[in-house]
Amino acid sequence: MMRNICLLTFALLFTCCNTAPAQNKLQFSIPFTLVDNRPFIEVKIQNKTLHFILDCGATDVIDVTTARALNLKLENETTTSGAGAKRMPSWETTVDTTRIGKMTLVKRDFNVVDLSEIKNKLHLPYLDGAIGYNFMKDYIVQFDYPNHTVNFYSAYAGKSGVPFSMYYHIPKLKATIDGKPATLIMDTGDRTALTVFNHYAESTGIKTRYPLSDTSITGYGIGGPIYARTFILKQIGIGKQLIANVPSRIPMLKTGGFADTQIDGSIGGGILKRFKFTIDYKKSLLYLE
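Residue positions are given per chain, counted from 1 along the sequence in the order it is written. Side-chain atom pairs in this predicted model are given and counted only at pLDDT of 80 or more, local residue features only at pLDDT of at least 70, and totals for whole chains, interfaces and linings cover all residues. Derived side-chain values reflect all non-hydrogen atoms in the structure, with water molecules and hydrogen atoms excluded from consideration.

As recorded in an unreviewed UniProt entry, the protein chain goes by Aspartyl protease family protein and comes from Mucilaginibacter pankratovii.

## Some points on unusual backbone geometry
At Ser-160, a position not held by glycine, the phi torsion is positive, near 55°. Unusually for a residue other than glycine, Asn-245 sits at a positive phi of about 55°. Secondary structure follows DSSP: runs of H or I at least 4 residues long count as helices, runs of E at least 2 residues long count as strands, and numbering of each begins at the N terminus. In this fold, Asn-245 is placed in strand S19 (residues 241-251).

## Observations concerning the sheet that holds strand S10 (residues 140-144)
Where strands meet in a sheet, backbone hydrogen bonds hold them as pairs that are either parallel or antiparallel. Taken in spatial order, the six strands make up an open sheet running S1-S11-S10-S21-S22-S12, and their pairing is antiparallel. Edge strands, defined here as strands with exactly one partner in the open sheet, are strand S1 (25-31) and strand S12 (162-163). Each pair of strands is called paired provided DSSP finds at least two bridges between the two strands. Both S12 and strand S22 (residues 285-288) contribute to a ladder of two bridges, which runs antiparallel. When the bridges of S22 are listed, Pro-163 appears paired with Leu-285.

## A look at the side chain of Ser-90
Mapped onto the elements, Ser-90 comes out in strand S7 (residues 88-100). Only protein chains enter the calculation, and the probe is 1.4 Å; a residue is then buried if its accessible area is under 20% of its type maximum, exposed if over 50%, and partly exposed in between. Residue classification places Ser-90 among the buried positions, given a relative accessible area of 7%. Other than its neighbours up to four places away in sequence, Ser-90 contacts Asn-76, Glu-77, Thr-78, Thr-79, Thr-80, Val-112 and Val-113. Note on contacts: a residue pair is in contact if any heavy atoms of the two residues lie within 4.5 Å.

## Observations concerning the layout of surface pockets
As defined here, a cavity is a set of points on a 1 Å grid over the protein atoms alone where a 1.4 Å probe fits but cannot get out. A pocket is an open set with protein on both sides within 12 Å along at least five of seven lines, and residues line them when an atom is within 4 Å of a point. Grid points are joined across faces, edges and corners, and a volume is the space filled by probe spheres set on the points. In this structure, the largest pocket encloses a volume near 1100 Å³. Along the walls of the largest pocket sit 45 residues, with Gly-57, Ser-81, Gly-82, Ala-83 and Ile-222 positioned nearest its centre. Counting residues per element, the ones that place at least two in the lining of the largest pocket are strand S6 (75-80), S7, strand S8 (103-113), strand S9 (129-131) and strand S17 (216-221). For the lining of the largest pocket, a count of residues per class yields 20 nonpolar, 17 polar and eight charged. For the second largest pocket, the full set of lining residues is Ile-30, Pro-31, Phe-32, Thr-33, Phe-40, Ile-41, Glu-42, His-51, Gly-101 and Tyr-126. For the lining of the second largest pocket, the secondary structure elements donating two or more residues are S1 and strand S3 (38-45). When residues of the lining of the second largest pocket are assigned to their parent elements, the largest contribution, three residues, is made by S3. Side-chain classes are defined by residue name, with Ala, Val, Leu, Ile, Met, Phe, Trp, Tyr, Cys and Pro counting as nonpolar, Asp, Glu, Lys and Arg as charged, and the others, Gly among them, as polar. Its residues assigned to classes, the lining of the second largest pocket comprises six nonpolar, three polar and one charged.

Here is the structure:
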């Protein structure tokens, strides 16, 4: 009898050990400053301290004025588009050494575009570029908005993870808007709480069910101003999170990223700043905690 009790005790201990939660493995952290609902981090190039958005909706980008001030070589001129309606000139450049926190990146490739309109029209104190997917994809990245810190993990055990896939370089997930299914992207570089794309607003009746503002400029992106109509959405669902009374906009653009009919909308900093927002690129899970 005693032998059976001992075996049972051992079995229970073994089970408990096997079901213990995984440990979070923090690699490093860096502070950020929240400006216009966007997380800005310090990036050092040629011993100069610059200010970049840590943007999960972008690749690695440097402003053309900053690039020229650093005497970077601009190559392979072409055009590119962003949230705005126009295409803009762009180049490629390689930076010998880029420092982000304790990380030193060697021979890093950047796209080069003119970000001056965004900076000047939105009265931003700085905008030297964006650090995006190319850097973040190797980590589990947590935007700890309450503590203005970005944590980079090699392992993370969050709760109620929401599966996502990649839409080019941007996390894409299934959510609900007023209880109806919607395919949305998550974008820390988007200042607005929620952007509902026009085709979805029309097909779901949002444009007839809600009182909308007149069309006005609601922001600026690569490609120019974002003309949109605004309203307060009743509810958005992201995993187990239900968020009510969400300031939202419907862009009135026929070209550019916000006219994409394969996506129904974009969740931006206006919502994300309420949470610890974690992107586990390894397991394709998002967490809002």
